[in-house]
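Examination of the molecular architecture
Each chain is listed here by its residues.
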Amino acid sequence: MRRKMVAGNWKMHGSLAANKVLLDALVAAPAPVCDVVVCVPGPYLAQAQGLLAGTAINLGAQDCSAHEQGPYTGEVSANMLRDFACGHVIVGHSERRASFCEDDSTVAIKAQRALDAGMTPIVCVGETLEQREHGQTEAVVGTQLDAVFMLLGQRIHQIVLAYEPVWAIGTGRTASPMQAQQVHAFIRQRAIRHHSNAVGIRLLYGGSVKPDNAAELFAQPDIDGGLIGGASLKAADFLAVVDAARFSA
Ligand code: 13P
């Protein structure tokens, strides 16, 4: 049985004061029913590392460089993240693909760097509304996946994949549980076809997950949890989404 995971992606939100209030509330809550990760902005890694030390909540980052080290001003390497006890790092988020021109091969290299540094990459894939309306969802997601699978080879069972339809991110328009399940089943089959050891790979759904829709999404057979944006910024909402992970397939 795959253990559920709920990861919060704070994106470019937070402050020292606000982070402390949020993390203190998460830490004070009863032990979570699933794996919980919070992916904070880079400058707050040290603060979050301190507040989360010895708790059941894991620290994550939102991106890492495709380079190992060197003259890349502004970049942060996977090994640097590891220094702050980051166990997870999001790579290939659609906002980075769209706003920072990250292509499939860059995303694959980032996933490889994360694994090499001893972290679990949370690799995001997903189609735009236009692509969905043109019936291209599987072609687009399949191409995004294949770039990662080809580079990682038999290590793909070590990653977490997040299906985040671009049209559902921050729009309040979530994929229906059936729409999400359909793509998750496709992703799992694609991963298994690449390597049989991917049968237990964890697949998160992301895109307007809220306390009132999380349970139904997480109850789908191929949805192993969520990657949460807006609702991860309020302790009560995030804890309610985490709690919805008790509704297992
Ligand atoms: P929202 O939950 O705000 O739609 O964001 C989803 C997301 O992009 C998580 O990575």
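Residues numbered from 1 in each chain as written. Predicted model: local features only at pLDDT ≥ 70, side-chain atom pairs only at ≥ 80, totals over all residues. Heavy atoms only, no water.

Moving on to helix H7 (residues 137–152). Over its 16 residues, H7 runs 23 Å from end to end, which matches the ideal 22 Å to within 8%, given 1.5 Å per residue. Regarding H7, the residues found buried are Thr 137, Val 140, Val 141, Gly 142, Gln 144, Leu 145, Val 148, Phe 149 and Leu 152. Close packing links the buried residues of H7 with helix H4 (94–99), helix H5 (104–116), strand E5 (120–125), helix H6 (129–133), strand E6 (160–163) and helix H8 (177–194). (Helix = DSSP H or I, 4+ residues; strand = E, 2+ residues; numbered from the N terminus. Expected span 1.5 Å × (residues − 1). Buried < 20%, exposed > 50% of the residue type's maximum accessible area, 1.4 Å probe, protein only. Contact = heavy atoms within 4.5 Å.)

The two faces of strand E4 (residues 88–91) match: His 88 and Ile 90 on one face and Val 89 and Val 91 on the other face are all buried. Direction of pairing for strand E3 (residues 57–61) relative to E4: parallel, over a ladder of two bridges. Bridging from a neighbouring strand, Gly 60 pairs with His 88 of E4. In this sheet, E5 lies alongside E4 in parallel orientation, the contact comprising four bridges. Among the inter-strand pairings, His 88 is bridged to a residue of E5, identified as Thr 120. (Pairing = 2+ DSSP bridges.)

This part covers the site of the ligand. Taken together, the residues surrounding the ligand are Asn 9, Lys 11, His 93, Glu 164, Ala 168, Ile 169, Gly 170, Gly 207, Ser 208, Leu 227, Gly 229 and Gly 230. A distance of 2.8 Å separates an oxygen atom of the ligand from a polar atom in the side chain of His 93. Residue Gly 230 places a main-chain N or O atom 2.8 Å away from an oxygen atom belonging to the ligand. Taken by itself the ligand offers 310 Å² of open surface, and the protein chains cover 96% of this. In the shell around the ligand, the residues fall into three nonpolar, seven polar and two charged. (Near = heavy atom within 4 Å. Polar contact = N/O pair within 3.5 Å; in protein donor to acceptor, adjacent residues only side chain to side chain. Areas by Shrake-Rupley, 256 points an atom, 1.4 Å probe, with all protein chains shown as cover. Nonpolar A, V, L, I, M, F, W, Y, C, P; charged D, E, K, R; others polar.)

Remark: helix H1 (residues 16–28) packs on helix H2 (residues 45–52), axes separated minimally by 10 Å, with the N-to-C direction vectors making an angle of 25°. With respect to each other, H1 and H2 are oriented roughly parallel. Crossing angle aside, the handedness with which H1 passes H2 is right-handed. Seen from H1, the contacting residues are Leu 16, Asn 19, Lys 20, Leu 23, Asp 24 and Val 27; seen from H2, they are Gln 47, Ala 48, Leu 51 and Leu 52. A per-class count over the contact of H1 with H2 returns six nonpolar, two polar and two charged. (Axes fitted to C-alpha atoms, helices over the stretch in contact; angles between N-to-C directions. Parallel < 35°, antiparallel > 145°, perpendicular 65-115°, else oblique. Left-handed = near helix turned anticlockwise from the far one by under 90°.)

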